[in-house]
Amino acid sequence: METKDMMMTSMLTMDKEENEGERDKAREEEGGEQEGTQQENGRLMLADGLTEKGPKSLTSGSGQQVSNGFTTSTPQSPREGPGSADSCRDTASGPGGGTGSSVPPGGLRTLVVQQTSLERPRETWSKKMDFLLSVIGYAVDLGNVWRFPYICYQNGGGAFLLPYLLMAVFGGVPLFYMELALGQFHRSGCISIWKHICPIFKGIGFAICIIALYIAFYYNTIMAWALYYLISSFQPTLPWTTCSNSWNTHTCNRYMSTDHNVSWSNSSTSPAEEFYTRQVLQVHLSPGLHQLGSVSWQLALCLLFIFTIVYFSIWKGVKTSGKVVWVTATFPYLVLLVLLVRGATLPGAWRGVVFYLKPDWQKLLSTTVWIDAAAQIFFSLGPGFGVLLAFASYNPFHNNCYKDALVTSSVNCLTSFLSGFVIFTVLGYMAEMRKQDVDVVAKDAGPSLLFIIYAEAIANMPAATFFSIIFFLMIIMLGLDSTFAGLEGVITAMLDEFPHILVKRREWFVFGLVCVCYLGALSTLTYGGAFVVKLFEEYATGPAVITVVLLEVIAVSWFYGTNRFCNDIQDMLGFYPGHFWRVCWVAICPCFLLFIIISFLAFPPEVRLFNYQYPQWTTVLGYCIGVSSFICVPAYMAYHLLNAKGTFKQRLLKSITPEPSSDQHRDLIVTNAV
């Protein structure tokens, strides 16, 4: 439920000629409360004053006429804090403009009641650091570890940092800042917030929730794989180091520099690759998406454990998840530093670092590099998933979200850069051991980079069991943060949209949501589940969420208005956003997003996993899944226009006019009492 920080002031004028029972009750209230005492729902203040009675009437608005004929002016917005109503203390004016005067004991007295809220107060973060760690944990995910290093070396190494930083400054960070400011000002989730911005775009909120569900269907499966690896790591000899296991084939070769009797060919496979494909995923039992096969019970149990952790971390709201992220958001940084130090001491580590950072300036002439830079910074910071709106809505109204946006986005980008050193020092070590070039060793991208290449490198280090345990524990915690955030975005949106039904049943709603996510993920737990994960990753979420964010920016900047939005920020932070931010929101960000969408349509990705080439019908299926979420936007527009009253012009005008927040004014009600 969205709780408005509205304040109601009631002036109770007590006439000593009233009946004795009401006088006794008033005296009990007076004796029980001292002047200026803060209570849960308000403050009671006693002030002596003599007032002139007038006709009993009540109107609202500016210059309200309240009962007993007192005329008041509309106070400031309650968002400015409880102190904004202090001007109402000890003041009363009659119709003739006279003010109250003190009277001797036994005369008329005024009891002023300041009530900050009649609704259930909105939950807030226990500490500012809970919010920052939650945002950092959401932004820093598995993509920072495997996607950024691979894209960086593929697109010119150090030269790639130039388009990456430009896209971050002019596209990613302004979008990040915009969502934090919107959520903090309106204190609403991604559905109900649109009635205060542009009601006809409310379908964006429903589309965001569906996209979040699709992500939950496949993203948590990757953590289930990591949990399988983590459990398998509690052995003296890691199972992906030998070729003598039941799942190994005759092509398995453990080829390192110390294995002089082993010859490596193009048909050879490493024990780490066979453990990943034949034991964990078991993709050899599925011919493709047309025949996925049975559900792997081992992975089903692993995923059940993951969702159990997720449920008990978010079922009570940000009060509990804000505590969990102190572990899940900080532990990965500790592990990254340990692995960086360990990787830097390995032989051949410098080869990997040189390969990672050596600039190829010719690559910048390719549009693919700029497309990859824009997509990477967008998906890394994560605007448009409803998470930033939800997290910011639990902030105090005057929290400095501008500084928060700069700090968290900077930490995210630096983490991606640091992860590249962690990955490529180990890849350099692998190349040194195999007497191969780094680009040959680093041919795998995506999850394979972690579960095959890095897992094999860890297995050949001293203290392999220890490093394997902390590495896969880090992978799980990186994923948990993002899952907490993604589901919290859906939960906040639904609770704000249907408060009377869901607010008091949050635990049951979260339980139902987690069950839906688990059932939806069953297809990714089959023998061909890895093919489903790849399909969801490429088609179901990417194009849809970019299109949704494009509409979000247009709605805020062009319909709600940049000036109005900047005024909102000034009310919160005390300063007006500069020209840079306004230009970014109005022009640069829409162009930035449109550039990604057009490039995706012009150069559709060639989807391939292992030796499986996705057939044409899977591309159609992928686009259908993506459209299934985006279709909420035009569908709600049509629904909104058809259900509105008046002529078409009146309907259209009403549908793009923001509804005033109920907490932007307070009504003063004065009644007679003793």
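Remember, it's a predicted structure, so these values are computed and weren't measured experimentally.

Thresholds applied
- Residues numbered from 1 in each chain as written.
- Predicted model: local features only at pLDDT ≥ 70, side-chain atom pairs only at ≥ 80, totals over all residues.
- Heavy atoms only, no water.
- Helix = DSSP H or I, 4+ residues; strand = E, 2+ residues; numbered from the N terminus.
- Contact = heavy atoms within 4.5 Å.
- Phe/Tyr/Trp six-rings, centres within 6.5 Å; stacked < 30°, edge-to-face > 60°.
- Buried < 20%, exposed > 50% of the residue type's maximum accessible area, 1.4 Å probe, protein only.
- Polar contact = N/O pair within 3.5 Å; in protein donor to acceptor, adjacent residues only side chain to side chain.
- Disulfide = S-S within 2.5 Å.
- Patch = residues over 30% accessible without salt bridge, like charges linked within 9 Å, V, L, I, M, F, W, Y side chains within 5 Å.
- Areas by Shrake-Rupley, 256 points an atom, 1.4 Å probe, with all protein chains shown as cover.
- Salt bridge = Lys/Arg side-chain N within 4 Å of Asp/Glu carboxyl O.
- pLDDT = per-residue confidence, 0-100.
- Expected span 1.5 Å × (residues − 1).
- Axes fitted to C-alpha atoms, helices over the stretch in contact; angles between N-to-C directions.
- Parallel < 35°, antiparallel > 145°, perpendicular 65-115°, else oblique.
- Left-handed = near helix turned anticlockwise from the far one by under 90°.
- Nonpolar A, V, L, I, M, F, W, Y, C, P; charged D, E, K, R; others polar.
- Bend = angle between axes of the 7 residues up to and from the residue.

Asker: Please clarify how the overall build of the protein chain should be interpreted in this entry.
Answerer: A count of helical and extended segments in the protein chain gives 24 helices and 9 strands. Contacts in the protein chain between residues at least 24 apart in sequence constitute 82% of all its contacts with a sequence separation of at least 6.

Asker: What is the right way to read the packing of aromatic side chains from this model?
Answerer: Any pair of aromatic rings gets described here by the distance separating the centres and the angle formed by the planes. Considering all chains together, one arrives at 59 aromatic pairs under this definition. A centroid spacing of 6.2 Å and a plane angle of 15 degrees characterise the contact between Tyr218 and Phe536, whose relative ring orientation is stacked. Here the residue Tyr218 occupies a position in helix H5 (residues 203-232), and Phe536 occupies one in helix H19 (residues 529-540), the gap between them amounting to 318 residues. Taken as a pair, Tyr218 and Phe536 share a single burial class, namely buried. Measuring from ring centre to ring centre gives 5.1 Å for Tyr356 and Phe424, while their planes differ by 10 degrees; the resulting arrangement is stacked. Here Phe424 lies in helix H13 (residues 401-434) and Tyr356 lies in helix H10 (residues 349-357), a separation of 68 residues in the sequence. For the pair formed by Tyr356 and Phe424, the shared burial category is buried.

Asker: Would you take a moment to explain the side chain of Glu497 for this structure?
Answerer: You can see Glu497 is positioned in helix H16 (residues 464-497). A distance of 2.6 Å separates the side chain of Glu497 from the side chain of Lys202, its partner in a polar contact. Once you skip the residues sitting within four places of it in the chain, Glu497 turns out to touch Ile191, Ser192 and Lys202.

Asker: Which parts of the structure should I look at to understand the state of the cysteines?
Answerer: Under the definition given, this model contains 1 disulfide. Across the disulfide, Cys243 is cross-linked to Cys252 (sulfur-sulfur distance 2.0 Å). Its torsion about the S-S bond being -70 degrees, the disulfide of Cys243 and Cys252 is classed as left-handed. The exposure class assigned to Cys243 is partly exposed, which follows from its relative accessible area of 29%.

Asker: So what exactly am I meant to see when it comes to a nonpolar patch on the surface here?
Answerer: Nonpolar side chains collect at one region of the surface, where Leu162, Leu166, Val169, Phe170, Trp361 and Phe580 lie side by side and expose about 540 Å² of accessible area between them. Sorting elements by how many residues they give to the nonpolar patch places helix H4 (residues 161-186) first, with 4 residues. Examined against the element boundaries, Leu166 turns out to sit in helix H4.

Asker: What should I look at first to understand the confidence of the model for the protein chain in this one?
Answerer: Predicted coordinates in areas of low pLDDT are best not read in detail. When pLDDT is averaged across the protein chain, the result is 80; 78% of the residues are at 70 or more. Throughout residues 113-118 the model reports pLDDT below 50, and contacts reaching past four residues in sequence, or to other chains, amount to 33 contacts.

Asker: So what exactly am I meant to see when it comes to the pattern of salt bridges here?
Answerer: For side chains bearing opposite charge, pairing can occur when the charged atoms are close. One pass over the structure, following the stated rule, counts 8 salt bridges. With a shortest N-O distance of 3.1 Å, Lys323 and Asp130 are connected by a salt bridge. Separated by 193 residues along the polypeptide, Lys323 in helix H8 (residues 318-328) and Asp130 in helix H2 (residues 128-139) bring together distant segments of the chain. Overall, Asp130 belongs to the buried group, its relative accessible area being 0%.

Asker: Just checking my understanding: could you explain H13 for this structure?
Answerer: For the α-helix, the turn length of 3.6 residues means that residues three or four positions removed from each other point alike. Helix length check: H13, at 34 residues, gives a terminal C-alpha distance of 49 Å against a target of 50 Å (1.5 Å per residue), a fit within 8%. Within H13, 24 of the 34 residues are buried, leaving the element largely enclosed by the surrounding structure. Just downstream of H13 lies Lys435, where phi reads positive at about 60 degrees.

Asker: Which parts of the structure should I look at to understand the environment of Leu406?
Answerer: With respect to the helices, strands and loops of the structure, Leu406 is situated in helix H13. On the basis of relative accessibility, which here comes to 32%, the residue Leu406 falls in the partly exposed class. The spacing of Leu406 and Pro174 is 232 residues in sequence and 9.4 Å in space, taken between C-alpha atoms. What Leu406 contacts, discounting residues up to four positions off in sequence, is Val173 and Trp581.

Asker: When you look at the environment of Tyr576 in this model, what are you seeing that I'm missing?
Answerer: You can see Tyr576 is positioned in the loop between helix H20 (542-573) and helix H21 (579-602). With a relative accessible area of 31%, Tyr576 lands in the partly exposed category. Setting aside residues no more than four positions away along its own chain, Tyr576 makes contact with Asn563, Cys566, Asn567, Gln570 and Arg582.

Asker: What exactly am I supposed to notice about the packing of H19 against helix H22 (residues 616-630) here?
Answerer: The geometry of a pair of packed helices is captured by two quantities: the angle between their axes and the separation between those axes. Between H19 and H22, whose axes approach to 8 Å, the crossing angle comes to 60 degrees. One element, H19, and the other, H22, form an angle in the oblique class. When you trace H19 past H22, the crossing you get is right-handed. Residue-level inspection shows Leu535, Phe536, Tyr539 and Ala540 of H19 in contact with H22, the latter providing Thr618, Thr619, Leu621, Gly622, Tyr623, Ile625 and Gly626. Considered class by class, the residues forming the contact of H19 with H22 number 7 nonpolar, 4 polar and no charged.

Asker: Where do I start with unusual backbone geometry in this structure?
Answerer: Across the chain, the bulk of peptide bonds are trans and the bulk of non-glycine residues have phi less than zero. With phi around 50 degrees, Arg187 is a residue other than glycine that occupies positive phi space. Structurally, the position occupied by Arg187 is in the loop between H4 and H5. The phi dihedral of Gln282 is positive, around 60 degrees, even though this residue is not glycine. Here Gln282 lies in the loop between helix H6 (271-281) and helix H7 (297-314). For Gln282, a relative accessible area of 14% puts it in the buried group.

Asker: I'm lost on the side chain of Ser468 in this one. Help?
Answerer: In this fold, Ser468 is placed in helix H16. For Ser468, a relative accessible area of 0% corresponds to the buried category. When residues no more than four places from it in sequence are discounted, the contact partners of Ser468 are Ser233, Leu238, Trp240 and Ile458.

Asker: Looking at this structure, I do not really get helix H3 (residues 142-154). What am I missing?
Answerer: In this model, H3 (13 residues) spans 18 Å end to end at C-alpha, consistent with the 18 Å of a helix rising 1.5 Å per residue. Helix geometry: H3 is bent most strongly at Phe148, by close to 30 degrees, with proline Pro149 lying one to four residues after it. Of the residues making up H3, those classed as buried are Leu142, Gly143, Asn144, Val145, Trp146, Phe148, Pro149, Tyr150, Ile151, Cys152 and Tyr153. Positive backbone phi, at 105 degrees, marks Gly156, one or two positions downstream of H3.

Asker: Sorry, what's going on with the packing of H5 against H7 here?
Answerer: Interaxial distance between H5 and H7 falls to 8 Å at its minimum, and their mutual angle equals 110 degrees. On the basis of their axis angle, the class for H5 and H7 is roughly perpendicular. Between H5, through Ala216, Asn220, Thr221, Met223, Ala224, Trp225, Leu227, Tyr228 and Ile231, and H7, the contact on the second element is made entirely by Gln298, Leu299, Cys302, Leu303, Phe305, Ile306 and Phe307. Considered class by class, the residues forming the contact of H5 with H7 number 13 nonpolar, 3 polar and no charged.

Asker: Looking at this model, I keep getting lost on the environment of Lys323. Mind explaining?
Answerer: Given the relative accessible area of 41%, Lys323 is considered partly exposed. Taking the C-alpha atoms as reference, Lys323 lies 8.8 Å from Ser126; in sequence the two are 197 residues apart. Among residues more than four places away in sequence, those in contact with Lys323 are Ser126 and Asp130.

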